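Spelled out, the chains give:
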Amino acid sequence: MKLSHFQFDLPKELLAEFPAENRDEARLMVIDRKKQTIEHKMFKDVIDYFDDGDVMILNNTKVFPARLYGNKEKTGARIEVFLLRELNAEQRLWDVLVDPARKIRIGNKLYFGDDDSLVAEVIDNTTSRGRTLRFLYDGSYEEFRNKLTELGETPIPKYINREVTPEDAERYQTIYAKEEGAVAAPTAGLHFSKHLLKRLEIKGVKFAEVTLHVGLGTFNPVEVEDLSKHKMDSEELKITQEACDIVNEAKGKRKRVCAVGTTSMRAIESSVSSQNTLNPFEGWTNKFIFPPHDFSVATCMITNFHTPKSTLLMMISAFCGHDLMKKAYEEAIKEKYKFYSYGDAMLII
C-alpha cells in the first residue's frame, strides 16, 4: 500500500466544528466485514451489537488544558505555547511547541496571565517549532499545576476555526477520563454518555481500561509514499494486569472484544503475547499500524471518520479491508457524515 491509496476529497463542510448536541446521538455507520454491508444508525444503537460477557477497551487518558498564550519580554508579542509533555516535575521543565517560532530563542522569557504570575524561560530548541521551557513560579508543585490549568485552554484541534468555548472543556473529554496526560482526546470515546455506559453495563458488557496519552503526532499526516518509512511519535502507554485479565477472559470465551478508538487499538497491539493474548505494559509505544496487519486482540472497533493520508485512516484500512473502507467513506461523504474529532462514528464488526 502506498500513501496515494489514502487520498480522497473531503468537502470542508463535513469537518465537524461542534459535537452532536447529545454525546450518544451522533450518527453511527455500522460495517459488517463478513457480510460486506453498511448500515446507518445512531450511536446509542451500538448497544444492539453487544451482549453479556463482551468487552469494550477504553482509553482513560485525560486531556489537559495544553494551550497557553503568553507575551514575550520586551516586545510583548503574543506567543502561543502548546504543552506537549512534562520532562522534569522538580525543575518544571516542559517540552512545548511555540508559534510563531521564529521569534523565540534560547534565553527568551515569556510571561503568562494578566499579572505575569507565571514566567517561562526558553532553555533549548528541540525541533523547528519545539522548545524546552523552564517555568518559574513561586509556589508548590500543586499550585504550579493549578496555575497551568487556570491559564491553559482546551486544546481543540487546529482545524476547528473558532474560539474555544466553555463547553469544549467538557465535550473534548471522555466521561471516563481519569489519567491526565493527553493533548488530544481519544475521540471515539466522546460518544459515550453516562446513560449509555450504564445500559451497556446492565446488559453485561465489561470494560477494560488502558491509558495511552495521545500526543500531537496523532494529527501528523504521512508524507512519505512508502508507508514503511513513516515514523510515529512515541506516546506513553500503560496496560494493567486487571485490564489484561478482563480482555483475555473474554477472548478465551470467544466473546466480542471491541477497541474503542484507534488509540485503544494501538495500545493493545503494542503489547501482544505470542499466544495472541494481551500483556501488561508500562512504557512508550510508537506502533504504526498499516495494511497488511494481523490484529491479535480486538474483534471489532469503534472509530470516528478520519482525514485523508492520516495514520488513523491507514489503521482502519488494515482492520476493515481497504476496498470496504473506501466504499464506506464514499457513502459517508454522500450521506454527509461529519468527520474528525467532533464528528460521527463507525462501528466495524
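This one's a predicted model, so the numbers in the text were calculated from it and none came from an experiment. (Residues numbered from 1 in each chain as written. Predicted model: local features only at pLDDT ≥ 70, side-chain atom pairs only at ≥ 80, totals over all residues. Heavy atoms only, no water.)

## A short note on the side chain of T61
Among the secondary structure elements, T61 is positioned in strand β4 (residues 61-63). Look at T61 and you get buried, because its relative accessible area is 0%. There is a polar contact of 2.7 Å between the side chain of T61 and the side chain of H213. (Helix = DSSP H or I, 4+ residues; strand = E, 2+ residues; numbered from the N terminus. Buried < 20%, exposed > 50% of the residue type's maximum accessible area, 1.4 Å probe, protein only. Polar contact = N/O pair within 3.5 Å; in protein donor to acceptor, adjacent residues only side chain to side chain.)

## Focus: the sheet that holds strand β9 (residues 118-125)
On the basis of which strands lie adjacent, the closed barrel formed by 6 strands has the order β5-β6-β7-β10-β9-β8 and antiparallel pairing. Neighbour-to-neighbour, the strand axes of this sheet turn through a mean angle of 45°, independent of strand direction. The pairing of strand β5 (residues 67-72) with strand β8 (residues 109-112) spans 3 bridges and is antiparallel. Counted as the bridge partner of K72 is L110 from β8. Helix α1 (residues 141-151) contacts β5, β6 (78-88), β7 (93-99), β8, β9 and β10 (130-136) of the sheet and is inclined by roughly 90° relative to β9. (Pairing = 2+ DSSP bridges. Axes fitted to C-alpha atoms, helices over the stretch in contact; angles between N-to-C directions. Contact = heavy atoms within 4.5 Å.)

## Notes on the domain arrangement of the chain
Parsing the chain into structural domains produces domain 1 (3-63 + 169-348) and domain 2 (67-153). A separation of 32 Å is found between the C-alpha centroids of domain 1 and domain 2. Each side of the interface is counted separately: domain 1 has 5 residues, and domain 2 has 6 residues. Summed over both sides, the interface between domain 1 and domain 2 buries roughly 420 Å², with carbon and sulfur atoms accounting for 60% of that surface. For the pair domain 1 and domain 2, the interface holds 1 salt bridge. With a shortest N-O distance of 3.2 Å, R145 and E180 are connected by a salt bridge. Inspection of the domain 1/domain 2 interface yields 2 residue pairs in polar contact (both at pLDDT 80 or more). Counted by class, the side of domain 1 that touches domain 2 contains 3 nonpolar, 1 polar and 1 charged residues. (Domains from an automatic or database assignment. Buried area = accessible area lost by both parts, 1.4 Å probe. Salt bridge = Lys/Arg side-chain N within 4 Å of Asp/Glu carboxyl O. Nonpolar A, V, L, I, M, F, W, Y, C, P; charged D, E, K, R; others polar.)

## A short note on the environment of Y159
Position of Y159 among the secondary structure elements: in the loop between α1 and α2 (166-171). Along the sequence, Y159 and S140 sit 19 residues apart, while their C-alpha atoms lie 36 Å from each other. If near-sequence neighbours (up to four positions away) are discounted, Y159 is found in contact with L15, A16, E17, F339, Y340, S341 and Y342. A polar side-chain atom of Y159 sits 3.1 Å from the main-chain carbonyl oxygen of A16. Within the structure, Y159 has its side chain in polar contact with the backbone nitrogen of S341 (distance 3.4 Å).

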